[in-house]
Each structure stands twice: as C-alpha cells, then as structure tokens.
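Below are the chains, spelled out letter by letter.
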Amino acid sequence: MKLHIGLIAFCAVLYVGASDGGPSEGEATANSSVIGMLELLVGKLEAMEHKLQKMESKLDEHVDNVHNISQHQRVDGSSCTNVPSKESGIYLIRVKRNSEPFEVYCEQETFGGGWIVFQFRYDGSLDFYRGWNEFRDGFGDLNKEFWLGLEKVHQITSGRKHELVVELKDFNGTYKYALFNAFEIGSESKQYNLKDIGAYNGTACDEMSYLKGKKFSTKDRDNAVNSMGHCAQRHEGAWWHNWYCTAANLNGRYMNAVNRKSMHWYDFNESAQGLSYSRMMIREKE
C-alpha cells in the first residue's frame, strides 16, 4: 500500500495550482509552508507504511505457523496410544481439556507403538549441553534430534501411569534397550525429580532405578546433593544425577570415545564408551 505516492501527486497538484497565475510574495511563502508540512506528513506516512509492512510480514509468518500446526493430526487426549493410524509422525495432543495442545512425535511401530518420544539423538547435529530453561521448555526439531521438554513430560506423566523405554546403539550398530514399567517426573517446584521409575526389563541393564527421587541437574543448576562436584558440568550432561553423578549420561557429548562426558550407558559395554543412538520414549498404560 503506497500511501505516499498519492500524497506526492496531491502535493504536485497543489504546487502547480499555487504557481498558476504568478503568486505574490505572500502566497509563495504560504505555499512553501504548506509544501513543507505535506513533506513532513509524507515522511510520517512512509514510516507508518514501513511498520505496517513489518506487521504484515509477522502476520504472514504466524499464519504459516498455524497452517503447519493444523496439518498435524490431533489426538484424542494426551496419549499416542489414541492415534488411529500406525503411521509414526508429529501429532497434536492435549493434556487437559482447558490446556493448550502441543506437538509430540508418536512412534507407532516399535514395541507395539503408542510411544511419545521425548529424547532422540542419532547423529550429533544438536548440542545438548544446555541450561535449565531449555531443558524445561524443550529444544530441537521433532523430525530430527530433540529434547521434548521436562515440563511437557511432567504434564503428560502426572496423574496417568506411564512406562519408559530407552533404546540405544553403539557405533558398531549393536542395539540394546531398557524397559521400565513405571515412569513419572515431578513439577518444576520439585526440580523435575524422578518421582517414579518401575521394574526393569531388557538387554541394556538397569541404569535408572537407583536414581528414583533424584532431582534433575543442568550445567547452570546443580541439584545433586553431596555430589562429587557439579555433575552436570563434570559430565557435560543434564540428568537425574545422584551423589556420585551417574552411570547413564544420555544428554552428554556425542562422541565415539571412552569419556565420562560422552553420551553413554555404562553397562551397555561396561565402560563410558560413547553411543551413536539414544531414544527415550514414554507410553500411557491401560
């Protein structure tokens, strides 16, 4: 919308009209004053136009985001077990009737499907050495590597029984898993503590049960009581650390090396050898 073009033309007309018939000195002064005022008005209108263009751009971006969200199928309730198809992908869930829906990735094939993925790493493209707010809110891309967010996981697991499965691979392609028949984390006021972790089954060994009740720690918030230093910094991995830190460091550095800072699950191969793949998923139990 080019408002100033019409206004400039109007100014030109005024100028021509004012010049027609040879203006007197007083008229020339008045015309000059009017033209000056109109030029000032043109400048203000151009500034308004620039602001309107920026607003229009932001509105277009918002519409695109709404369109992208609307393309994802809504799920009845807060569980991927309610997905009507067997197709894995991004879906919208709603934890409570009066709460805002949010996107999750539903895994519909592994272990019978119905899983909400809340941590996924497979190529090291995303830096997981982050602070409290990012682990609370989530980061990454649901179609790539990501962390869903502690607050969302808390909302999903509170008040409903869930189970947890952890899938792992090393750089040789060896696959193992750990399945726990209960999983819940507390609220932020409880520092997203590991409120419940159930009985273990699987091939990767149990590196979670002894962490029950432990609070979550990040590089900028150490919640490990009487620990061996700042565990999240020492291991460069946010986790439910205890007094001697952890034997599982799935948010650690992505590296093919034996290193306490690596993304490892100690009993996978009885060392801190970094893993190539980690996926953590929760599923509502009937």
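Residues numbered from 1 in each chain as written. Predicted model: local features only at pLDDT ≥ 70, side-chain atom pairs only at ≥ 80, totals over all residues. Heavy atoms only, no water.

**Some words on the pairing of strand 7 (residues 162-169)**
- With seven of eight residues buried, strand 7 is to be regarded as a mostly interior element.
- Summarising the sheet, strand 7 and strand 12 (residues 277-284) pair through eight bridges and their orientation is antiparallel. Each bridged residue has a counterpart across the sheet, and for Lys169 the counterpart in strand 12 is Tyr277.
- Strand direction decides the pairing type here: strand 7 and strand 8 (residues 175-180), joined by six bridges, are antiparallel. Counterpart to Val165 in the pairing with strand 8 is Leu179.
- Where strand 7 folds back on strand 8, the antiparallel hairpin that results is connected by five residues, among which Gly173 adopts a positive phi of roughly 90 degrees. (Buried < 20%, exposed > 50% of the residue type's maximum accessible area, 1.4 Å probe, protein only. Helix = DSSP H or I, 4+ residues; strand = E, 2+ residues; numbered from the N terminus. Pairing = 2+ DSSP bridges.)

**What to know about a nonpolar patch on the surface**
- On the surface, a cluster of nonpolar side chains totalling about 340 Å² of accessible area is made up of Met228, Trp243 and Tyr244.
- Counting through the fold element by element, Tyr244 comes out in the loop between helix 5 (231-234) and strand 12.
- A relative accessible area of 35% places Tyr244 in the partly exposed class. (Patch = residues over 30% accessible without salt bridge, like charges linked within 9 Å, V, L, I, M, F, W, Y side chains within 5 Å. Areas by Shrake-Rupley, 256 points an atom, 1.4 Å probe, with all protein chains shown as cover. Salt bridge = Lys/Arg side-chain N within 4 Å of Asp/Glu carboxyl O.)

**Comments concerning the pattern of salt bridges**
- This model, assessed by the stated rule, comprises 11 salt bridges.
- The closest approach of N and O atoms between Glu134 and Arg130, which form a salt bridge, is 2.7 Å.
- Between Glu188 and Arg136 there is a salt bridge; the shortest N-O distance is 3.3 Å. Linking Glu188 in the loop between strand 9 (183-185) and strand 10 (194-197) with Arg136 in helix 3 (residues 132-137), this pair joins segments that are 52 residues apart in sequence.

**Remarks on the pairing of strand 8**
- In this structure, strand 8 lies alongside strand 11 (residues 200-202), joined through three bridges in antiparallel fashion. In the sheet register, Phe180 faces strand 11, and the bridge partner there is Tyr200.

**Things to note about the confidence of the model for the chain**
- Across the chain, the average pLDDT comes to 86, with 83% of residues at 70 or higher.
- Here residues 11-16 scores under 50 on pLDDT; set against residues more than four positions off or in separate chains, the count is four contacts.
- Taken as a whole, residues 62-70 scores under 50 in pLDDT and shows two contacts with residues more than four places along the chain or in a different chain. (pLDDT = per-residue confidence, 0-100. Contact = heavy atoms within 4.5 Å.)

**A closer look at the state of the cysteines**
- A full pass over the atoms with the stated rule returns two disulfides.
- Linked covalently through their sulfurs, Cys231 and Cys245 form a disulfide whose S-S length is 2.1 Å. One disulfide, between Cys231 and Cys245, carries an S-S torsion of -80 degrees and so falls in the left-handed class. With Cys231 in helix 5 and Cys245 in the loop between helix 5 and strand 12, the pair connects residues that are 14 residues apart, well separated along the chain. Across this residue pair, the class does not change: Cys231 and Cys245 are buried. (Disulfide = S-S within 2.5 Å.)

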